[in-house]
Amino acid sequence: MKKFASLRSFSRKNTRSVDYSLDGQHHLDSDFPIALQPELTQTQQRYVLVRESVQAGKCLYSEPPLMVQDSTPTALSLQNALSNLDQNGQRAFIDLPRPPGIPPSPSGSISSLPEEHTPKKAKAKPSISSLSGAMSDSASVLFFAKKNQAKMDELLATFNAHAFTLGEDSYSGMKSGTCGRGIFLVLSRFAHSCTPSANFHWDSSKFRMVVQSLVPMDKNTLPTISLVDPFLPRVERRKILREKFGFECHCAACDRDEATIRLSDARRARVHVLFIDMPNKNPRDAIRSVEEAFDLLDEEGLMGWRGCFTYDAFQFSVACSDFSSAKVWIAKAYQAFIRERGYDSEDARLMARYMSNVASHHATGRLEKQLLSGS
């Protein structure tokens, strides 16, 4: 049975609709219930927090990418992308935390360039945009990258450390179509947890990344997202976070004794296997697998990931012409996608259409007729 493709293919559009203050800080849209932490020190990362109590399924933020690159950006492609930003946009990118293992530029600033590359009308330290303006042809840009390889390596490392994939769900790791990667200034300010309280997903129709709360949160709570696949074992999650983001994860899922971690790793691995193997199961086993996955997710405190499982159960039900069970599962799928992706998401709207007529699904009646469990 064909898996549900909930995300659409990546398409390029103009993304220069990001708003900044004069010092390069990203404006947080007041329509959303989050704010930046108060600044404690100049070097400390400031995360977002909720400025009011929110319920599960609340949209915490929605933003377009600052810039977009292919899956493997080059120094030239990144230089061209930066040249298309205004100075505040460039500064916002440059001010992102430096990736681990990349030393500071000798001048102390990525945007400080050697004198021989300074445009004649700008004797002071030029911005990347002024440099790009003076180097409009590709040969000059390539010359700049060659002569300043250390700086361009730093910029590429910054992009790779902070970029989120477009068209890839935040938990499944499954791509739909051709995917690019983008920089999201606010999403980069969300704290990490291997048991996240929020889910982010790419909405291709709006060309925005959307963050949804998975659980109720009190005022001044730090919402968390998972920067890694939470179904990997702890040792692998920590390795990725240490190498790419430069920190050792001590979230509630990771900071436990070894015996508890072994049980947790086994549960998470089992959920992954259940998800991957779902298309190969017979209908009754598929329903049992969905129910097992729900129990395991509950044990791990993982509040997302129900949408695709419940939709699979719905598809098996309609395929077996068990419309009573199908109505139960599609109602659950609708509620799950509202929580995970929002009322106005394509997924929730699709579930609503099937709720009104379960037999309209293309898989209806394709398997032997039988009754399946409805819960």
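How each quantity is defined
- Residues numbered from 1 in each chain as written.
- Predicted model: local features only at pLDDT ≥ 70, side-chain atom pairs only at ≥ 80, totals over all residues.
- Heavy atoms only, no water.
- Pairing = 2+ DSSP bridges.
- Helix = DSSP H or I, 4+ residues; strand = E, 2+ residues; numbered from the N terminus.
- Axes fitted to C-alpha atoms, helices over the stretch in contact; angles between N-to-C directions.
- Phe/Tyr/Trp six-rings, centres within 6.5 Å; stacked < 30°, edge-to-face > 60°.
- Buried < 20%, exposed > 50% of the residue type's maximum accessible area, 1.4 Å probe, protein only.
- Lys NZ or Arg CZ within 6 Å of the ring centre and 35° of its normal.
- Salt bridge = Lys/Arg side-chain N within 4 Å of Asp/Glu carboxyl O.
- Parallel < 35°, antiparallel > 145°, perpendicular 65-115°, else oblique.
- Left-handed = near helix turned anticlockwise from the far one by under 90°.
- Contact = heavy atoms within 4.5 Å.
- Nonpolar A, V, L, I, M, F, W, Y, C, P; charged D, E, K, R; others polar.
- Core = buried A, V, L, I, M, F, W, Y, C linked by side-chain atoms within 4.5 Å.

Chemist: Would you mind showing me how to read the sheet that holds strand β4 (residues 67–69) here?
Modeler: The strands making up a sheet associate through backbone hydrogen bonding, with each pair oriented either parallel or antiparallel. Sheet architecture is open: three strands sit in the order β4-β6-β5, paired in antiparallel fashion. Strands at the two margins of the open sheet, each flanked by one partner only, are β4 and β5 (163–165). Each strand axis lies, on average, 30° off the axis of its neighbour in the sheet, ignoring direction. Pairing of β5 with strand β6 (residues 181–183), which is carried by three bridges, proceeds in the antiparallel orientation. Of the residues in β6, the one forming a bridge with F164 is G182.

Chemist: I tried to follow unusual backbone geometry on my own but got confused; where do I start?
Modeler: Even without a glycine there, the phi angle at N220 is positive, about 70°. Mapping N220 onto the fold places it in the loop between β9 (208–213) and β10 (224–225). The phi dihedral of S321 falls on the positive side, at around 60°, and the residue is not glycine. Looking at the element boundaries, S321 is found in the loop between α9 (306–319) and α10 (323–341).

Chemist: Looking at this structure, how should I read the packing of aromatic side chains?
Modeler: The relative placement of two aromatic rings is captured by the distance of their centres and the angle of their planes. This structure, assessed with the given rule, holds 10 aromatic pairs. With 6.3 Å between their ring centres and 70° between their planes, F164 and F184 make a pair best called edge-to-face. Highlighted residues: F164 in strand β5 and F184 in the loop between β6 and β7 (191–192), separated in sequence by 20 residues. Like F164, the residue F184 is buried in the burial classification. Relative to F207, the ring of W202 lies with its centre 5.0 Å away and its plane at 75°, an arrangement referred to as edge-to-face. A relative accessible area of 2% means that W202 is categorised as buried. Geometry around W329 places K332 over its ring, the cationic atom sitting 5.0 Å from the centre.

Chemist: Explanation requested: the pattern of salt bridges in the structure shown.
Modeler: Any two side chains of opposite charge can pair if their charged atoms end up close together. Enumeration over the complete set of coordinates arrives at 16 salt bridges. In this structure, the salt-bridge partner of E258 is R234, at a minimum N-O distance of 2.6 Å. With E258 in helix α7 (residues 258–277) and R234 in helix α6 (residues 234–245), this residue pair connects regions lying 24 residues apart in the sequence. Between R267 and E300 there is a salt bridge; the shortest N-O distance is 2.7 Å. Residue R267 is found in helix α7, and its partner E300 is found in helix α8 (residues 283–300); the two are separated by 33 residues along the sequence. The network of salt bridges with common partners includes R256, R267, R268, E299 and E300.

Chemist: Help me out: how do you make sense of the packing of α10 against helix α11 (residues 346–356) in this one?
Modeler: Where α10 meets α11, the closest approach of the two axes is 8 Å, and the angle between their N-to-C directions is 165°. The angle between α10 and α11 falls in the class roughly antiparallel. You can see that α10 and α11 cross each other, and the crossing is left-handed. Contacts from I330, A331, A333, Y334, F337, I338 and R341 in α10 reach D347, A348, M351, A352, Y354 and M355 in α11. Among the residues making up the contact of α10 with α11, the classes are represented as 11 nonpolar, no polar and two charged.

Chemist: I'm lost on the nonpolar core in this one. Help?
Modeler: One broad trend across soluble globular proteins is that nonpolar side chains are buried collectively. V290, F309, Y311, F314, I330 and M351 are the most contacted members of the largest nonpolar core, which has 36 residues in total. Sorting the residues of this core by element identifies α7, α8, α9, α10 and α11 as the ones contributing at least two each. Take this core: its biggest share by element is eight residues, from α9. Counting 22 residues, the second largest nonpolar core, distinct from the first, contains V48, F184, F200 and I225.

Chemist: Looking at this structure, how should I read the sheet that holds strand β8 (residues 198–203)?
Modeler: In space, the three strands of this open sheet follow the order β3-β9-β8, with antiparallel pairing throughout. Each having just a single partner strand, β3 (59–63) and β8 make up the two edges of the open sheet. Mean inter-strand twist for the sheet, computed between neighbouring axes without regard to direction, equals 15°. By the bridge criterion, six bridges tie β8 to β9 in an arrangement that is antiparallel. Bridge assignment links H201 to a residue of β9, and that residue is V210. Taken strand by strand, α10 contacts β8 and β9, and its axis lies near 115° from that of β9.

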